Amino acid sequence: MNPHLDRLHPYPFEKLRQLFAGVTPNPDYNAISLGIGEPKHPTPAFIQKALTHAMAGLATYPTTHGNEPLRAAIAAWLERRYGIPALDAATMVLPVNGSREALFAIAQTVIDPRKPGALVVSPNPFYQIYEGAAYLAGAEPYFVNSQPARNFACDYSSVPDEVWSRVQLLYLCSPGNPTGAVLSLDDWRELFALADRHGFVIAADECYSEIYFGATPPLGALEAAHQLGRSSGARPYANLIVFSSLSKRSNVPGMRSGFVAGDPELMKKFLLYRTYCGGAMSPPVQAASIAAWNDEAHVQENRTLYKEKFNLITPLLKQVMDVELPDAGFYLWADVRRTGLSDTEFARGLYAEYNVTVLPGSYLARDAHGSNPGRNRIRMALVAEVDEGLEAANRIVQFCNDLKAS
């Protein structure tokens, strides 16, 4: 067996299952889960129609590269959304079956395990695929803690040069999961300079880019690279590859439709790798994806629903815990220390007494540099409809008030 498998941690939801073992939630309340970041808004009808009208495509094998109309639709969306020059859809864009598989696969493509001490840098807390991808590629993860005083940004200047010299891949998530933090242009300038100096690849996870609360959309990696003069020349977007998905943007997590885009030299190697082990996207899903990427009206409607929920729920929860509206994304990242409970105690007690599931923040992070930046925090995914979200928030408030009274 691959010995690296023994280094993988249990997934956060397996830890949550173990935490709740033996607990019977209060039967007076129906179950409400804020634990999993699975969009619950309805899938737009026009996407469903495009999917069902393309069923004839099931009679043909799809190619790993995807069809030209889909690559063109993704490239056109990137150009509109981020104001970047036209991309070569044949060499700079690749459809994938959801970003999860692709985020894992990029480490297997990039990491050279023959080099001693290979490192993969990850934010902390983080999407657990980053860590597993590092281990199974024969590298070690190096975590950079998010800092509340920096609006949950990571201080990459704190990483020693001797560490950067061993880094082969840097995972970024902007807007962040679970913090919602968005990288600034200055952050990108610093990271591109580090990548140029040390020769590592930047993998930018942008799956939450279309859920935001202000007037200005979150800055994207390709957009930042263009603004900093890195979108042209012999190797445009050098050492940068971005990942995105329709799951959150268009409420189609079951379609497993995403893309990878960026540096054409990286993309060439990534396509080669995926030709051997990556699943090709089904033709009906490709047809539905084209329809989704070509439409913005449903994305605006989706964003409006999230704004309504966050504007109603965040002030309620601020009464009983330390929580702020994030830059973007659909999570609230709350500090529960003033309740007197740890994050795991809070999650277990809330589940037992009010049948509401939240995810302990310590399950989303690792002990690094003397602390676990998720400890004493909880992640709440506001993915349900407004009424269910408000019901969950009111139960959380009551739970916290019960603690205070006792």
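Residues numbered from 1 in each chain as written. Predicted model: local features only at pLDDT ≥ 70, side-chain atom pairs only at ≥ 80, totals over all residues. Heavy atoms only, no water.

- In the nomenclature of an unreviewed UniProt entry, the protein chain is known as Succinyldiaminopimelate transaminase of Massilia cellulosiltytica.
- Checking UniProt for the protein chain, the heading Cofactor (unreviewed entry) contains the comment "pyridoxal 5'-phosphate". (UniProt positions renumbered as here; feature names shortened; annotations may be inferred.)

**Section: the nonpolar core**
- Leu78, Tyr156, Trp188, Leu191, Ile202 and Leu240 are the most contacted members of the largest nonpolar core, which totals 53 residues.
- A per-element tally of this core places helix α3 (residues 68-82) first, with seven residues.
- Those residues in contact with leucine 78 that lie beyond four places of it in its chain are Gly83, Ile84, Leu87, Leu222, Phe259 and Ala261.
- Residues Ile313, Tyr351, Val356 and Leu359 belong to the second largest nonpolar core, which totals 46 residues. (Core = buried A, V, L, I, M, F, W, Y, C linked by side-chain atoms within 4.5 Å. Buried < 20%, exposed > 50% of the residue type's maximum accessible area, 1.4 Å probe, protein only. Helix = DSSP H or I, 4+ residues; strand = E, 2+ residues; numbered from the N terminus. Contact = heavy atoms within 4.5 Å.)

**A short note on the UniProt feature "domain: Aminotransferase class I/classII large" (unreviewed entry) in the protein chain**
- The sites that carry the UniProt feature "domain: Aminotransferase class I/classII large" (unreviewed entry) are, in the present numbering, residues 31-383.
- End C-alpha atoms of residues 31-383 are separated by 14 Å, and the span's content is 39% helix alongside 17% strand.

**Concerning the pairing of strand β7 (residues 201-205)**
- With five of five residues buried, β7 is to be regarded as a mostly interior element.
- Going residue by residue along β7, you find Val201, Ala203 and Asp205 tucked away on one face and Ile202 and Ala204 tucked away on the opposite face as well.
- When strand β6 (residues 167-173) meets β7, the two strands line up parallel, connected through five bridges. Across the sheet, residue leucine 172 finds its bridge partner in β7, namely alanine 204.
- Crossover connection from β6 via helix α8 (residues 185-198) to parallel β7: handedness right-handed.
- Both β7 and strand β8 (residues 240-245) contribute to a ladder of four bridges, which runs parallel. Directly across from aspartate 205, in β8, lies its bridge partner phenylalanine 243. (Pairing = 2+ DSSP bridges. Right-handed = clockwise from strand over helix to strand, strands pointing away.)

**Quick notes on the sheet that holds β7**
- One open sheet holds the eight strands; their spatial order is β2-β9-β8-β7-β6-β3-β4-β5, and the pairing between them is mixed. Of all the strands in the sheet, the pair left with one neighbour each is β2 (93-96) and β5 (153-154).
- Helix-sheet contacts for helix α5 (residues 99-110) involve β2, β6, β7, β8 and β9 (258-262), and the interaxial angle to β6 is about 165°. (Axes fitted to C-alpha atoms, helices over the stretch in contact; angles between N-to-C directions.)

**Some remarks on the sheet that holds strand β10 (residues 331-335)**
- A sheet is described by the order of its strands in space; here three strands give the open sequence β10-β13-β12, paired in antiparallel fashion. In the strand order of this sheet, the two ends are held by β10 and β12 (359-360), each with one partner.
- In terms of strand pairing, β12 meets strand β13 (residues 377-381) through two bridges, oriented antiparallel. The residue bridging leucine 359 from the neighbouring strand is arginine 379, located in β13.

**Overview of the packing of helix α13 (residues 297-318) against helix α15 (residues 386-405)**
- Their axes nearest at 9 Å, the elements α13 and α15 cross at an angle of 5°. Relative to α15, the element α13 is oriented roughly parallel. Between α13 and α15, the residues in contact are Glu308, Lys309, Leu312, Ile313, Leu316 and Leu317 and Val386, Gly389, Leu390, Ala393, Asn394, Ile396 and Val397, respectively.
- Residues belonging to the contact of α13 with α15 are distributed by class as follows: nine nonpolar, two polar and two charged. (Parallel < 35°, antiparallel > 145°, perpendicular 65-115°, else oblique. Nonpolar A, V, L, I, M, F, W, Y, C, P; charged D, E, K, R; others polar.)

**Some thoughts on the environment of glutamate 353**
- Among the structural elements, glutamate 353 can be located in helix α14 (residues 343-354).
- Residue classification places glutamate 353 among the partly exposed positions, given a relative accessible area of 38%.
- Residues contacting glutamate 353, with those up to four places away along its chain left out, are Asn26, Tyr29, Phe399 and Asp402.

**Regarding the domain arrangement of the protein chain**
- Domain annotation for the protein chain reports domain 1 (3-42 + 298-405) and domain 2 (56-295).
- Once you take the C-alpha centre of each, domain 1 and domain 2 turn out to be 26 Å apart.
- Every contact between the two is made by 38 residues of domain 1 and, on the other side, 43 residues of domain 2.
- With both sides pooled, the region where domain 1 packs onto domain 2 buries about 3600 Å², and carbon together with sulfur makes up 57% of that total. (Domains from an automatic or database assignment. Buried area = accessible area lost by both parts, 1.4 Å probe.)

**What to know about the environment of serine 33**
- Looking at the element boundaries, serine 33 is found in strand β1 (residues 32-33).
- Among the residues examined, serine 33 registers a relative accessible area of 40% and is labelled partly exposed.
- Remark: the alpha-carbon pair of serine 33 and valine 356, spanning 323 residues in sequence, is separated by 5.7 Å.
- Within polar-contact distance, the side chain of serine 33 engages the backbone nitrogen of glycine 35 at 3.2 Å. (Polar contact = N/O pair within 3.5 Å; in protein donor to acceptor, adjacent residues only side chain to side chain.)

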